[in-house]
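Read off the chains here:
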Amino acid sequence: MSKPLKNIPSDGYDIVVAGGGLGGLTSANVLAKAGYRVLLVEQHFQLGGLASYFKRGRHIFDVALHGFPIGMKKTLRKYWSREMADHIVQVRSVRFDNPQFSLDTTFTKEDFSDKLEREFELERSAVDAFYAELESMNYYDDRSMTNRELFEKYFPGRNDVVRLLMEPITYANGSTLDEPAITYGIVFSNFMSKGVYTFQGGTDVMIDMMKRELRGNGVDVRVAAKLEKVEVEKGVVAAVVVNGTRVPCRAVMSNGNILSTIRDWVGDEHFSHAFLEKVSATRLNNSSCQVYIGFKEGEGFDFIGDLLFTSTHPVFEPEAVVAPERTSKTFSVYYPSIRPAAPPDYTVVASMNANFADWAEFSDEEYKAAKNDMVDDVLDSLEKYIPGVRDKVDHLEAATPRTFKRYTLHGGGASFGTKFEGLDVSMRLHDEIGGLFHAGSVGIIMSGWLGAANYGVIVANDVDKYLRRGFRD
Ligand SMILES: Cc1cc2nc3c(=O)[nH]c(=O)nc-3n(C[C@H](O)[C@H](O)[C@H](O)COP(=O)(O)OP(=O)(O)OC[C@H]3O[C@@H](n4cnc5c(N)ncnc54)[C@H](O)[C@@H]3O)c2cc1C
């Protein structure tokens, strides 16, 4: 049973940020630093959203810390603190292992270009031209070219090359070959600038630092606080209802799912017909399964790569990455060097993309059995990289699309927000209702740690403009 909010000022807040994911947290921090009175409400008892972690005995498991582009360093320095930015370190090696090729890479442009030329025997001119096209991509460009067409243009008939270039992005945001090439191009170029980075110390250290920073900047942070309703009067935000408590405010920044923001928090009756048509056409992205593996005290293993993209599927097909057969698995390996602890602790997190529908209908018993099956399957696969793994571990736990739904309230447990059409809906929200804004994983480009945090900044600037004007556009 949720508790009513206490000590809410009678004149409320300038802005209520609903959701403590990286988009919401960053937005709240930027707005508080600009001098606004900010209330941040998070329905879960912990901040972070998908950028989450949990403790089991002496193990701490990171849910979504596999890697992000170097841009995260600048974002943390500019919008959070230099101390946080200093925690960003490069991962040593990313490994691919599938029936088409096995290789280790630093995931930098130089290394990829080199491998494409020497190991995949491509003309250097084709590789350079491919990168040049990616680098010239701009979100506002023509979006008619699909990923399939982009790859066919530069590497015709080379599914192995497509696998190298696209598989990590499909894992990271659920994208397919039929989506606009622009969405792939921007995300891939971000990673390809200088490789893959992580947060030294783990997600818990980062979220604790963010919490301190928010409180230091005056944000009123409330957890276990669920936004239930946004009240709109004469087309403008007037208040929100959180845990049954009415809180007056001049603006709302939703960090929840864009579809529930519109349909559940506000209500269709407040939007134009044309806008609702766009909302109806917005597809939720797919979801994830994970298996968390903790190693016994004193057990460890030699370096096997920081991130392993493994698959037994003969060719690359985005549909196979998400299929219940689980031929594709990504292993994120946390060595004591990344997560220092005494005594040293080794953990591995296996991630598999998944569809909610494949898990939704199970009875309790079937669900339990399916989770056990998945844990078994993951250990079978991990045996190849860590021989004898079953005897070395003391904690095994599975998460499914149902788990993601429970902890974030995203429809269908959508781990990466919506498909690309969701970005337009998200960006136009405040054209429909004065003072209503959204930032969070939408449209592929604005997903992931970097995309979500940067989108939080962009929207905070829009909120600032709106609040300064003091009235609707
Ligand atoms: C398995 C997995 C692995 C990933 N790995 C990586 C990775 O390695 N690198 C990377 O860059 N990205 C990764 N991502 C993606 C990345 O974590 C997300 O894109 C990003 O964290 C999303 O941030 P967000 O701001 O959109 O909010 P979310 O994280 O979606 O958070 C939304 C928040 O809103 C809250 N909320 C919802 N409804 C309400 C309500 N009514 N009232 C109050 N609060 C509410 C939720 O509880 C949640 O905390 C991964 C995601 C998954 C699922």
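On a predicted model such as this, the values are computed, not experimentally measured, just so you know.

(A) Focus on the overall build of the protein chain. The helix and strand inventory of the protein chain stands at 19 helices and 18 strands. Expected size for 473 residues packed as a compact globule is a radius of gyration near 23 Å; at 22 Å, the protein chain falls within 12% of this value. Projected onto its principal axes, the C-alpha coordinates of the protein chain cover approximately 65 × 50 × 45 Å. Put simply, the protein chain has 473 residues, and 49% of those count as buried. Of the contacts made within the protein chain by residues no fewer than 6 positions apart, 74% connect residues no fewer than 24 positions apart.

(B) A look at the site of the ligand. Neighbouring the ligand are 39 residues, the closest being Gly 19, Gly 21, Gly 23, Gly 49 and His 66. At the level of elements, helix H1 (22-33), strand S2 (38-42), strand S13 (287-295) and helix H19 (448-469) are the ones that each hand at least two residues to the shell around the ligand. Counting residues per element, the shell around the ligand draws most heavily on H19, at four residues. When the residues that make up the shell around the ligand are grouped by side-chain class, the tally is 15 nonpolar, 22 polar and two charged. The residues that make up the shell around the ligand include at least three from each of domain 1 (13-52 + 204-283 + 416-469) and domain 3 (286-408).

(C) Fine view of helix H8 (residues 181-192). Helix length check: H8, at 12 residues, gives a terminal C-alpha distance of 16 Å against a target of 16 Å (1.5 Å per residue), a fit within 8%. Among the 12 residues that make up H8, nine are buried, leaving the element largely enclosed by the rest of the structure. Taken residue by residue, H8 has Ala 181, Ile 182, Thr 183, Tyr 184, Gly 185, Val 187, Phe 188, Phe 191 and Met 192 as its buried positions. Buried residues in H8 make contact with helix H4 (109-118), helix H5 (124-135), helix H6 (147-154) and helix H7 (159-173).

(D) Focus on the nonpolar core. Among the nonpolar cores identified, the biggest contains 139 residues, and Ile 15, Val 16, Val 38, Cys 249 and Val 252 are the most heavily contacted of them. When residues of this core are assigned to their parent elements, the largest contribution, nine residues, is made by H19.

(E) Spatial organisation of the packing of H1 against H19. With their axes 7 Å apart at the nearest point, H1 and H19 run at an angle of 40° to one another. Comparing the axis directions of H1 and H19 gives the class oblique. Crossing angle aside, the handedness with which H1 passes H19 is right-handed. Two secondary-structure elements touch here, H1 through Leu 22, Gly 23, Gly 24, Thr 26, Ser 27, Val 30 and Leu 31 and H19 through Trp 449, Ala 452, Ala 453, Tyr 455, Gly 456, Val 457, Val 459, Ala 460, Val 463 and Asp 464. Residue composition of the contact of H1 with H19, by class: 11 nonpolar, five polar and one charged.

(F) Region of interest: unusual backbone geometry. The linkage connecting Ala 342 with the following residue, Pro 343, adopts the cis geometry, with an omega of -5°. Within the secondary structure, Pro 343 is located in the loop between strand S15 (328-334) and strand S16 (347-354). Even without being glycine, Phe 107 reaches a positive phi, approximately 60°. Within the fold, Phe 107 resides in the loop between strand S7 (101-105) and H4. Judged by the 22 C-beta atoms lying within 10 Å of it, Phe 107 is buried. One non-glycine residue, Glu 121, lies in positive phi territory at about 55°. Locating Glu 121 in the fold gives a position in the loop between H4 and H5. Glu 121 gets classed as exposed once you count the C-beta atoms within 10 Å, which come to 8.

(G) Fine view of the pairing of S15. Most of S15 sits out of view: seven of its seven residues are buried. A two-sided burial pattern is seen for S15, the buried positions comprising Ser 328, Thr 330, Ser 332 and Tyr 334 on one face and Lys 329, Phe 331 and Val 333 on the other. Relative to S15, strand S14 (residues 307-311) runs antiparallel, the two being bridged by five bridges. Note on S15: the bridge partner recorded for Leu 308 is Phe 331.

(H) Focus on the environment of Ile 444. Inspection of the secondary structure puts Ile 444 in the loop between strand S18 (436-438) and H19. Not counting the four nearest positions on each side in its chain, Ile 444 is found in contact with Asn 173, Ser 175, Thr 183, Val 187 and Phe 420.

(I) Quick peek at the domain arrangement of the protein chain. Assigned domains within the protein chain: domain 1 (13-52 + 204-283 + 416-469), domain 2 (106-192) and domain 3 (286-408). The centre of domain 1, based on its C-alpha atoms, is set 32 Å off from the matching centre of domain 2. With seven residues of domain 1 at the contact, the number on the domain 2 side is 11 residues. Tallied by class, the residues present in the side of domain 1 that touches domain 2 amount to five nonpolar, two polar and no charged.

(J) Spotlight on the pairing of strand S12 (residues 245-254). Among the 10 residues that make up S12, seven are buried, leaving the element largely enclosed by the rest of the structure. In this sheet, S12 lies alongside strand S1 (residues 13-18) in parallel orientation, the contact comprising five bridges. Residue Ala 18 lies in a different strand from S12, and its bridge partner there is Ser 254. Alignment of strand S11 (residues 236-242) against S12, held across four bridges, turns out to be antiparallel. Note on S12: the bridge partner recorded for Val 241 is Arg 246. In sequence, S11 turns back onto S12 through a hairpin of two residues, with Asn 243 there showing a positive phi of about 45°. Pairing geometry for S12 and S18, over three bridges, is parallel. Its bridge partner lying in S18, Ser 254 is registered against His 438.

Conventions adopted
- Residues numbered from 1 in each chain as written.
- Predicted model: local features only at pLDDT ≥ 70, side-chain atom pairs only at ≥ 80, totals over all residues.
- Helix = DSSP H or I, 4+ residues; strand = E, 2+ residues; numbered from the N terminus.
- Rg over C-alpha atoms; globule rule 2.2 N^0.38 Å.
- Buried ≥ 20, exposed ≤ 12 C-beta atoms within 10 Å, placed from the backbone.
- Contact = placed C-beta atoms within 7 Å.
- Near = placed C-beta within 6 Å.
- Nonpolar A, V, L, I, M, F, W, Y, C, P; charged D, E, K, R; others polar.
- Domains from an automatic or database assignment.
- Expected span 1.5 Å × (residues − 1).
- Core = buried A, V, L, I, M, F, W, Y, C linked by C-beta atoms within 7 Å.
- Axes fitted to C-alpha atoms, helices over the stretch in contact; angles between N-to-C directions.
- Parallel < 35°, antiparallel > 145°, perpendicular 65-115°, else oblique.
- Left-handed = near helix turned anticlockwise from the far one by under 90°.
- Pairing = 2+ DSSP bridges.

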